[in-house]
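Structural overview for review
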Amino acid sequence: MDRFQEMQVFAAVAQDQGFSAAARRLGMSAASVTRAVAALEKRIGTQLFTRTTRTVYLTEAGQRYLEDCRRILAEVQEAEDSAAGSHAQPRGQLTITAPVLFGELFVTPLMVSFLTQFPDVTINALLVDRIVSVVEEGVDVAIRIGGLPDSNQHAIRVGEVRRVICASPQLLATYGRPKHPQELAQAPIIATSAIGQLKHWPFLERGEPLSVRAEPRLTVTANQAAINAAALGLGFTRVLSYQSASKVAAGELEIVLAEFEMPPLPIHVLYQGGRKAAARVRSFVDFTVKTLREHPALQE
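Residues numbered from 1 in each chain as written. Predicted model: local features only at pLDDT ≥ 70, side-chain atom pairs only at ≥ 80, totals over all residues. Heavy atoms only, no water.

If you look the protein up in an unreviewed UniProt entry, it shows as LysR family transcriptional regulator from Pseudomonas neuropathica.

Given below as structure tokens:
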């Protein structure tokens, strides 16, 4: 097995955190994958993985080597694509990431449309509610909600979302429509840990920060559960505007205290490579930017 193949095997084991899983993805035997990694470690002269009975973890040296491997493999793929004239036609695998609910509501339909249009592309989607390291986890395109740290990644703003307080019409008819955030301190509350602030909900009053201590009757870890409970009339909840948009449009929820909301959170599409990015990356970014910018729920 040549060095290029060894790099591919090593990168697969690192991504799947296991020899058997990597072997299945590569169409190889687990023994062949194990031998390839062992040969690579012997030639380099250092251990790249820490092995346990259930999984494998990258050592510090392995993490550094993985970053170099991904860069080299991407450059080789780019050279092959360019020589084959495929810069004009997207092909190959894309790895993308987005928050879970945003991914389910917006990115999944987008991916289906893109894959239908480009049959030579495959997508590995990481829909997780954590900040995925684009470099370390080999991500081509990331969709982020919120402020961005300084980085050398290209970012395109595609919209924004609000942090809204909502409740069902039935609850508002019974409890009354609050005129000030402090009224929520005595109101039935559904809290979600998905966007933080389980106990304290932040607002702005005449440009000054205001914090209201919320005592939840129900606490959940998923925004969709909080939205469903609010639509059933249990209490007020605080979520992102795109998450409650369909139930607001259907009349199942109403937004209150809009004049006290915090500034909207921006939505960005991040990618690496700029003009040198592969055709599949550039095409997916263009497709994503156009689609999300046209969605009314993200342009409030």
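What about the layout of surface pockets?
Gaps left between atoms show up when a probe the size of a water molecule is rolled over them. The criterion, for reference: A cavity here means a set of 1 Å grid points, computed over protein atoms only, where a 1.4 Å probe fits but cannot escape. A pocket is an open set with protein on both sides within 12 Å along at least 5 of 7 lines, and lining residues have an atom within 4 Å of a point. Grid points are joined across faces, edges and corners, and a volume is the space filled by probe spheres set on the points. Runs of E in the DSSP output that reach at least two residues are strands. Runs of H or I that reach at least four are helices, and both are numbered from the N terminus. Think of it as three bins: nonpolar holds Ala, Val, Leu, Ile, Met, Phe, Trp, Tyr, Cys and Pro, charged holds Asp, Glu, Lys and Arg, and polar takes everything else, Gly as well.
By volume, the largest pocket amounts to about 1400 Å³. Around the largest pocket, the lining is made up of 36 residues, and of these Arg 70, Leu 73, Ala 74, Asp 140 and Arg 280 lie nearest the centre. For the lining of the largest pocket, the elements supplying multiple residues, two or more each, are α1 (3–16), α2 (19–26), α4 (60–83), β3 (92–98) and α9 (279–293). The greatest single-element share of the lining of the largest pocket, amounting to 10 residues, is contributed by α4. Broken down by class, the residue content of the lining of the largest pocket amounts to 14 nonpolar, 11 polar and 11 charged.

Comments concerning the sheet that holds strand β4 (residues 121–127)
Here is the rule we go by: Here, a strand pair is defined by DSSP locating no fewer than two bridges between the strands. As a rule, the C-alpha atoms of each element are fitted with a line to give its axis, helices using only the stretch in contact, and angles between N-to-C directions run from 0 to 180 degrees.
Ordered in space as β4-β3-β5-β14-β6, the five strands form an open sheet in which the pairing is mixed. Each edge of the sheet is formed by a strand with only one pairing partner; in this case those strands are β4 and β6 (154–161). Neighbour-to-neighbour, the strand axes of this sheet turn through a mean angle of 20°, independent of strand direction. Relative to β4, β3 runs parallel, the two being bridged by seven bridges. Across the sheet, the residue bridging to Thr 95 is Asn 124, located in β4.

Points about the packing of aromatic side chains
Note the following rule: Stacked, tilted and edge-to-face are the three classes applied to pairs of Phe, Tyr and Trp rings, where Trp contributes its six-membered ring and a pair requires centres within 6.5 Å; stacked means planes under 30 degrees apart, edge-to-face means over 60, and tilted covers the rest. Buried residues are those whose accessible area, probed at 1.4 Å on protein chains only, stays under 20% of the maximum for their type, while exposed residues exceed 50% and partly exposed ones sit between those limits.
Enumeration over the complete set of coordinates arrives at 10 aromatic pairs. Summarising the aromatic geometry, the rings of Phe 106 and Tyr 242 are spaced 5.5 Å apart at their centres and angled 65° between planes, so their arrangement reads as edge-to-face. On the criterion of sequence distance, the pair formed by Phe 106 in helix α5 (residues 100–117) and Tyr 242 in helix α8 (residues 241–249) is long-range, its members being 136 residues apart. Across this residue pair, the class does not change: Phe 106 and Tyr 242 are buried. Site record: aromatic cluster; members linked through ring pairs are Phe 10, Phe 19, Phe 49 and Tyr 65.

Section: α5
Definition in use: A helix is expected to span 1.5 Å multiplied by its residue count minus one. The bend at a residue is defined as the angle formed between two axes, one fitted to the seven residues ending at that residue and one fitted to the seven starting there.
The end-to-end C-alpha distance of α5 is 24 Å, a good match for the 26 Å that 18 residues give at a rise of 1.5 Å each. Taking the largest bend as the criterion, α5 deviates by roughly 45°, centred on Val 107, and proline Pro 109 comes between one and four positions later. Those residues of α5 that sit buried are Leu 101, Phe 102, Gly 103, Phe 106, Val 107, Leu 110, Met 111 and Phe 114.

Quick look at the environment of Leu 210
Within the element layout of this structure, Leu 210 appears in strand β10 (residues 208–213). Remark: the alpha-carbon pair of Leu 210 and Arg 24, spanning 186 residues in sequence, is separated by 54 Å.

Thoughts on the side chain of Glu 261
Here is the rule we go by: The definition of a polar contact used here is a pair of N or O atoms within 3.5 Å, where within protein one atom must be able to donate a hydrogen and the other to accept one, and adjacent residues in sequence count solely through side-chain atom pairs. Contacts between residues were defined by any pair of non-hydrogen atoms, one from each residue, lying within 4.5 Å.
Locating Glu 261 in the fold gives a position in the loop between β13 (254–256) and β14 (265–271). With a relative accessible area of 14%, Glu 261 lands in the buried category. There is a polar contact of 2.7 Å between the side chain of Glu 261 and the side chain of Arg 162. With sequence-adjacent residues up to four places away left out, Glu 261 is seen in contact with Arg 162, Arg 163, Val 164, Leu 204 and Ile 255.

A short note on the sheet that holds strand β7 (residues 163–167)
On the basis of which strands lie adjacent, the open sheet formed by five strands has the order β11-β8-β12-β7-β13 and mixed pairing. Lying at the two open borders of the sheet, with one neighbouring strand each, are β11 (216–220) and β13. On average, each strand axis in the sheet is tilted by 40° relative to the strand beside it, whichever way the strands run. Two strands pair when backbone bridges link them, and strand β8 (residues 189–192) and β11 are joined in this way by four bridges, in the parallel orientation. Paired with Thr 192 across the two strands is Val 220, which belongs to β11. Sheet strands in contact with helix α7 (residues 223–231) are β8, β11 and β12 (236–240), and its direction is about 170° off that of β8.

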